[in-house]
Amino acid sequence: MANRESARHWRYPQLPGVDLLRARYIDKTFVWHTHETFVIAAVTEGVEEFHHRGTVERTGPGGIALINPEVPHTGRAGAPEGWAYSVLYPAPDLVAGVAAETTTLRGMAGFRVPTVDDPQAARLVTAVHRAAEEGNALAADSLLRIALVRLLREYGGPLPERTARTAGARTAARARAILQERMADPPSLERLAAELGTGPFALLRAFRAVYGMPPHTWLTDARVRQARRLLDAGSAPAEAAVAVGFTDQSHLNRHFTRIVGVPPGAYRRERARTYKTESKAVS
């Protein structure tokens, strides 16, 4: 069954600010994680289900998962045959620019609902992938913007501001900053709580309330995110693993694949191919 799984996570140089993932998964399970980007995932076969803000969402062919930046979620098969989908990961500034130009939304625009049944929009998302794979820059860029406009107009709204107003929220923010700074050698929960002048369980509750996951889960997600940046910059997977605090490359492989959807080696090869294509275009 696992041999029937396939995935490609890549960039098309003519679509700056957008990552693409086309995949078929059967046994794949995405652990709790977040994205710096939006997630627009059009399911083409099977059923995907995922945890999102305290509920389990399901979407099948013609459906789209819409996840805003920094929102924790999971992912897994919702049917024995698994699921196949085409995913766009547009950067927040790209979505903001489209919203400002084509909608009346104010503030940081995002999506009000995590799943929609919209076959027309789903076809637009898959068409973006097809155009990018064919090297049709005009079609890919046009279809991307048409898809974003449709989704924002139908399901968009202003994202709520996330401000740390309570003492617990401020403590959680300080804890996150410490973990980010000491990513490769983080303190234990007890030491972190003592440094912040609170108790371990109080810190756990505050951190989960603000970031939707406990500190150790957040740290794993942050490590993978930083590893992606290092791979983007040309680091080898083994080097990236040690730099972000994983014990070795196999440790990075396990967590990276459960969050990004492909192994770090495959991710890096696609990035290298993208940058090579970009350099040829410039020259």
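Residues numbered from 1 in each chain as written. Predicted model: local features only at pLDDT ≥ 70, side-chain atom pairs only at ≥ 80, totals over all residues. Heavy atoms only, no water.

J.: Any chance you could explain the pairing of strand 4 (residues 39-46) here in plain terms?
T.: Two faces belong to every sheet, and in a regular strand the side chains alternate between them. Counted residue by residue, strand 4 has 6 buried out of 8 residues, so it is predominantly covered. Looking at chain direction, strand 4 and strand 7 (residues 63-67) are connected through 4 bridges and run antiparallel. Its bridge partner being in strand 7, Ala41 is matched across the sheet by Ala65. (Buried < 20%, exposed > 50% of the residue type's maximum accessible area, 1.4 Å probe, protein only. Helix = DSSP H or I, 4+ residues; strand = E, 2+ residues; numbered from the N terminus. Pairing = 2+ DSSP bridges.)

J.: Explanation requested: helix 9 (residues 249-260) in the structure shown.
T.: Note: α-helices contain 3.6 residues per turn, so residues at a spacing of three or four share the same orientation. The end-to-end C-alpha distance of helix 9, which contains 12 residues, comes to 15 Å, matching closely the 16 Å that a straight helix rising 1.5 Å per residue would cover. Burial in helix 9 covers these residues: His251, Leu252, His255, Phe256, Thr257, Ile259 and Val260. Looking one or two places after helix 9, you find Gly261, whose phi comes out positive at around 105°. (Expected span 1.5 Å × (residues − 1).)

J.: Explain the sheet that holds strand 6 (residues 55-59) to me, please; I cannot follow it from the model alone.
T.: Neighbouring strands of a sheet are bound in pairs by backbone hydrogen bonds; such pairs are parallel or else antiparallel. Within the open sheet, the 4 strands sit side by side as 3-8-5-6. Their pairing is antiparallel. The sheet terminates laterally at strand 3 (29-33) and strand 6, the two strands that pair on one side only. Across the sheet, the mean angle separating the axes of adjacent strands is 20° when strand polarity is ignored. Examined bridge by bridge, strand 5 (residues 48-52) and strand 8 (residues 73-77) share 3 bridges and lie antiparallel to one another. Bridge pairing links His52 to His73 in strand 8. (Axes fitted to C-alpha atoms, helices over the stretch in contact; angles between N-to-C directions.)

J.: Hey, could you run me through the packing of helix 4 (residues 167-181) against helix 6 (residues 200-211) in this one?
T.: Direction vectors running N to C along helix 4 and helix 6 enclose 90°, while the axes themselves pass 8 Å from each other. Relative to helix 6, the element helix 4 is oriented roughly perpendicular. Within the contact between the two elements, helix 4 uses Gly168, Ala169, Thr171, Ala172, Ala173, Ala175, Arg176 and Leu179 and helix 6 uses Leu203, Ala206, Phe207, Val210 and Tyr211. Broken down by class, the residue content of the contact of helix 4 with helix 6 amounts to 10 nonpolar, 2 polar and 1 charged. (Parallel < 35°, antiparallel > 145°, perpendicular 65-115°, else oblique. Contact = heavy atoms within 4.5 Å. Nonpolar A, V, L, I, M, F, W, Y, C, P; charged D, E, K, R; others polar.)

J.: Looking at this structure, I do not really get the sheet that holds strand 2 (residues 18-25). What am I missing?
T.: An order of 1-2-9-4-7-11 is seen for the 6 strands of this open sheet, with the pairing classed as antiparallel. A strand with exactly one partner marks an edge of an open sheet, and here the two such strands are strand 1 (6-10) and strand 11 (115-117). Taking the axes of each pair of neighbouring strands and ignoring which way they run, one obtains an average angle of 15° across the sheet.

J.: Could you clarify how one ought to interpret the side chain of Thr74 in this entry?
T.: Among the secondary structure elements, Thr74 is positioned in strand 8. In terms of polar contacts, Thr74 uses its side chain to reach the backbone amide nitrogen of His51, at 2.9 Å. Setting aside residues no more than four positions away along its own chain, Thr74 makes contact with Phe30, Val31, Trp32, Phe50 and His51. (Polar contact = N/O pair within 3.5 Å; in protein donor to acceptor, adjacent residues only side chain to side chain.)

J.: What is the right way to look at the pattern of salt bridges in this model?
T.: Side chains carrying opposite charge are able to pair once their charged atoms draw close together. Applying the stated criterion across every chain yields a total of 16 salt bridges. Residue Glu49 pairs with Arg76 through a salt bridge whose shortest N-O separation is 2.6 Å. Placement of Glu49 in strand 5 and of Arg76 in strand 8 is noted, with a sequence separation of 27 residues between them. The class of Arg76 is partly exposed, set by a relative accessible area of 33%. (Salt bridge = Lys/Arg side-chain N within 4 Å of Asp/Glu carboxyl O.)

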